[in-house]
Amino acid sequence: MRPNYLFALFLLLSLSACDNTLQHEAGSDANGHTAPTAVTIKANQAVLDKRPFSNIDDFEDAKKGLIAQDKSLITTDNDGNIIWDMPSYDFVDFKGNDGAAPSSVNPSLWRQASLNNIHGLFKVSEGIYQLRGYDLANMTIIEGDSGWILVDPLTAKETADKALNFAQKHLGEKPIVAVIYTHSHIDHFGGIEGILANMSEAEHKKLRIIAPKGFMQEATSENIIAGIAMGRRASYMYGRSLSRNERGHVGTGLGKSPAFGRFSLLSPTETVAETGTTLNIDGVPFEFQYVPDSEAPAEMTFYLPEHKAFCGAEMLSRTMHNLYTLRGAKVRDANLWSSYIEEAKTLFADSEIYFGSHHWPIWGKNNIQTFLTQQSDTYKYIHDQSVRLFNNGYTPNEIAEEVVLPQSLNTAFHNQGYYGTVKHNAKAVYQAYLGWYTANPAKLDPLPETQAAKRYMEMMGGVENVVEKAQTAFDKAANVSVEEGIQTYRWLAELLNHAVFAHPNNAPAKGLLAKVYDQLGYQAESAPWRDVYLTGAYELRSGAPENGIDMAIMEGVLLKTPVDNFFDSMAVRLNGPKAEGKKITIKIVFTDLNESYLLTLNNSVLRHKKVAMTAQANATLNLTQPLLVDIITGKAGIKDTLFGDDLSVDGSKLDLISFFSFLDKPKGNFNIVSP
Ligand SMILES: [Zn+2]
């Protein structure tokens, strides 16, 4: 190709790249987020009358017992990348009890985000300390006879290391004698390596690690099969591409944000399998409550009788939690969850102090009992009312509109939907019992989004006509009642989504949909809803990210994952149509584990089973488990590895290469707001 052709091609490519990004309109911020409209300003103002903002007890509790605070709390990884940045949230500053907030943020969310900004090392009571604001979750430190007992070592190696060092500096250097994982979510165990980094080998050998039964299975399996889609969806839920400012991300409701550092995992040395289990940990008596399939599939709470202190893990928090989480997960059992909280109310009725895996503590027996009752009744109310309504024929959308907490529950800030919401939790109850189908035949076999969208546009007189009418409705919405304005934005989101799916390059349709999403985001009381809408707006203007989440951060967890799970995750990557008519058997021999597995491809289905070393196959791959992890995370390319020294192949290399060519390699950056 001649150079001028190359130049022309380059120009063409760069022009078409520009086509994907939208011109920002006047008054937008650097990411294109538009100003709040008059009706959004009114809607956010109206929130001031709905919540008891003059009650500032939470602020007093969140600041109580502060020992020390690192004003410039920034954590970096080995390469100097910032993975935790508290000062970036300094703009979130709730100015007292009048509820004032920027007009582009729901005042109730602004209040919650301000509470979650309060960070440092806190004394909860004699012998109980908490590090808050060092990561999404809290790390609690309990003083034993000879050392420290750590509860929940955060998400990342780097943040855990930073938090522990800060605590040791102010509380004194003592050996770490035990670590407790309250549950199987990564923000409560992923930082364990950062704790180990501060321990001698002798200390490590004696270290007790205590977790609920089923912890390892759940910690390693929850994300491996569906992890790629969950990761992409989580980037919406947590607003990963958003700037931290008044028109962007302000927090997650549960805390500030997840820390994307190095994740790690160390197996427990002992597990708690039933409620009533008591343990003496370094001279401190513990009473456990086993609460599986509540907020997490493996979870436990505990009581410290000598301190009269109850740790509710994440079964309780200072927000309504998720029965369904927007990143995508199996729905949770509202009834069971509520019943565990009821059980805790009786079991630990003497509690004078409550603390959890997120947010700030509560002091006083009555306050704790009230908190437990309100949280427990909230989940049960949503459960019972959703079931009542679907038994009366209501659909999920109708139920979400209908269920409102009774006033007696709705006045408490900790019952508000800063993380979960009544609306999406009510739909989760429907899903748990009845699934996705509403029984309406029109919903049984609809056309996929793009096909339906094209027909909608055609019948509605073409996309230009639709956008013009949508623009008129959008302009009109600014000056109507709050209720009507919100309904118009929700309707326009649906309408313009059809326009964009039918005509993904139509800039006016994309631009107007982005503006609608801005307004819905600014009005949301839930942090994930805000982040979801604003990320949608951001990607309509700037496109989807170039890369998905780097699997390398998961290496520490994958190394502890049972090999069975890898084969399950391999099976769900098999491209069925591509593998049509192929029959191949591959034996994988793990030279380090002394185990071998036979993978069988037949009928476009991939199965695996453990076999004897002598089993026959078309090809045999001899390798170590860490090398397999490197291949999975992309650290080692399969083709280079096949011809390298770290691995050996017996039998047909061609069969092996063709086998691997049938596996999809999803990049994890698929489109969401456009087809
Ligand atoms: Zn958590």
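Higher on the page you've got the structure.
Keep in mind the model is a prediction, meaning the values are calculated, not measured.

Each value, and the rule that gives it
- Going along each chain's sequence as written, the residues are numbered from 1 onward.
- Predicted model: local features are reported for residues with pLDDT of at least 70 only, side-chain atom pairs are reported and counted for 80 or more only, and whole-chain, interface and lining totals are derived from all residues.
- The side-chain quantities take in all heavy atoms of the structure and omit both hydrogens and water.
- Helical segments are the DSSP runs of H or I of at least four residues, strand segments are the runs of E of at least two, and each set is numbered from the N terminus.
- Radius of gyration means the value over C-alpha atoms here, while the globule rule gives 2.2 Å times the residue count to the 0.38 power.
- Relative accessible area decides the class of each residue, using a 1.4 Å probe on protein chains only: under 20% of the type maximum gives buried, over 50% gives exposed, and in between gives partly exposed.
- Only the protein chains shown count as cover for residues, and all accessible areas are computed by the Shrake-Rupley method using a 1.4 Å probe.
- Note that His is not counted, nor are the chain ends; the positive residues are Lys and Arg, and the negative ones are Asp and Glu.
- In plain terms, the charge of a residue is placed at NZ if it is Lys, CZ if Arg, CG if Asp and CD if Glu.
- The axes used here are C-alpha line fits, helices contributing only the stretch in contact, and every angle between their N-to-C directions lies in the interval 0 to 180 degrees.
- Note on angle classes: values under 35 degrees are labelled roughly parallel, values over 145 roughly antiparallel, values of 65 to 115 roughly perpendicular, and the remainder oblique.
- Here, residues are in contact when the closest pair of their heavy atoms is within 4.5 Å.
- Residues were grouped as follows: Ala, Val, Leu, Ile, Met, Phe, Trp, Tyr, Cys and Pro as nonpolar; Asp, Glu, Lys and Arg as charged; and all remaining residues, including Gly, as polar.
- Residues enter patches when they are more than 30% accessible in relative terms and free of salt bridges; like-charged ones are connected within 9 Å and nonpolar ones (Val, Leu, Ile, Met, Phe, Trp, Tyr) within 5 Å.
- A pairing counts as a salt bridge when a side-chain nitrogen of Lys or Arg comes within 4 Å of a carboxyl oxygen of Asp or Glu.
- Any two strands are treated as partners once DSSP identifies two or more bridges connecting them.
- Only nitrogen, oxygen and sulfur atoms within 2.8 Å of the metal, or 3.2 Å for Na, K and Ca, are treated as donors, and water is left out, so sites may look incomplete.
- Only two sets of limits are used to name each site, 85 to 135 degrees for every angle of a tetrahedral four-donor site, and over 155 degrees for opposite donors with all other angles from 65 to 115 for a square planar four-donor or octahedral six-donor site, with any other site named irregular.
- In this description, the arc belongs to the directions extending from the helix axis to the C-beta atoms.
- Definition used in this section: a nonpolar core is a set of buried Ala, Val, Leu, Ile, Met, Phe, Trp, Tyr and Cys residues joined via side-chain atoms within 4.5 Å.

### Focus on the overall build of the chain
Secondary structure assignment for the chain yields 24 helices and 21 strands. For the chain, the C-alpha radius of gyration of 27 Å lies close to 26 Å, the compact-globule estimate for 675 residues. Projected onto its principal axes, the C-alpha coordinates of the chain cover approximately 75 × 75 × 55 Å. The buried share of the chain, taken over its 675 residues, is 53%. Of the roughly 29400 Å² that the chain leaves accessible, carbon and sulfur atoms contribute 51%. Charge separation in the chain, taken as the distance between the mean sites of 61 positive and 77 negative side-chain charges, equals 4 Å.

### Description of the packing of helix 15 (residues 449–459) against helix 17 (residues 482–502)
One can describe the packing of helix 15 onto helix 17 by two numbers: an axis separation of 8 Å at closest approach and a directional angle of 105°. In terms of their interaxial angle, helix 15 and helix 17 are classed as roughly perpendicular. Contacts between helix 15 and helix 17 involve E449, T450, A453, K454, Y456 and M457 from the former and L495, H498, A499, F501 and A502 from the latter. Its residues assigned to classes, the contact of helix 15 with helix 17 comprises seven nonpolar, two polar and two charged.

### Here's the deal with a nonpolar patch on the surface
Among the surface-exposed residues, I228, F670 and I672 lie close enough to one another that they form a single nonpolar patch of about 220 Å² accessible area. Positionally, I672 belongs in the segment after helix 24 (653–661).

### What about the pairing of strand 20 (residues 619–623)?
Strand 20 sits mainly inside the fold: five of its five residues count as buried. Residues of strand 20 alternate between two faces, with A619, L621 and L623 on one and T620 and N622 on the opposite face, all of them buried. Summarising the sheet, strand 17 (residues 584–590) and strand 20 pair through five bridges and their orientation is parallel. Bridged to K587 within strand 20 is T620.

### Description of the pairing of strand 11 (residues 278–281)
Across four bridges, strand 11 lies against strand 12 (residues 284–290) in antiparallel orientation. Paired with T278 across the two strands is E287, which belongs to strand 12. Here strand 11 folds back onto strand 12, and the loop between the two strands holds two residues, one of which, D282, carries a positive phi near 50°.

### Points about the coordination of the zinc ion
Those donors, D187 (OD), H188 (NE2), E314 (OE) and H358 (NE2), are the protein atoms that reach the zinc ion, and they lie 2.1 to 2.2 Å from it. Viewed at the metal, the four donor atoms of the zinc ion are separated by angles of 84 to 172°, and the geometry they form is irregular. If you list the donors of the zinc ion from N- to C-terminus, the spacing comes out as D-H-x125-E-x43-H. Taken together, the positions of H188 in the loop between strand 8 (176–180) and helix 6 (192–196) and E314 in the loop between strand 14 (309–311) and helix 10 (334–347) put the pair 126 residues apart, joining distant regions of the chain. Each member of the pair H188 and E314 is classed as buried.

### Re helix 15
Within the sequence span of helix 15, burial applies to A452, A453 and M457. One face of helix 15 carries all of its buried residues, which in axial projection span an arc of 135°. In helix 15, those exposed residues whose orientation departs by more than 90 degrees from the buried face are R455, E458 and M459. Contact partners of the buried residues in helix 15: helix 16 (463–477) and helix 17.

### Observations concerning the sheet that holds strand 10 (residues 270–272)
Taking strand neighbours across the sheet as the criterion, the eight strands line up as 1-4-5-6-7-8-9-10 in an open arrangement whose pairing is mixed. Because the sheet does not close on itself, it has two edges, and the strands there are strand 1 (66–68) and strand 10. When strand polarity is set aside, the average angle formed by the axes of neighbouring strands in this sheet is 25°. By the bridge criterion, four bridges tie strand 5 (residues 128–132) to strand 6 (residues 139–143) in an arrangement that is antiparallel. Note that in strand 6 the partner of L131 across the bridge is M139.

### A look at the side chain of D29
Take D29: it is sitting in the loop between helix 1 (3–19) and helix 2 (38–50). In this structure D29 is buried but unpaired, with R247 as the nearest side chain of opposite charge at 5.3 Å. Filtering out sequence-adjacent residues up to four positions away, D29 remains in contact with H24, N245 and R247.

### What to know about the nonpolar core
Ranked by internal contacts, the top residues of the largest apolar core, which has 75 residues, are L131, L150, I176, Y181, I195, L621 and L623. Considering each element in turn, this core owes the most residues, six residues, to helix 5 (residues 157–171). Setting aside residues no more than four positions away along its own chain, L131 makes contact with G120, L121, N138, M139, I141, A163, F166 and A167. In terms of nonpolar packing, the next biggest core, distinct from the first, is built from 33 residues, Y354, I362, I368 and Y430 among them.

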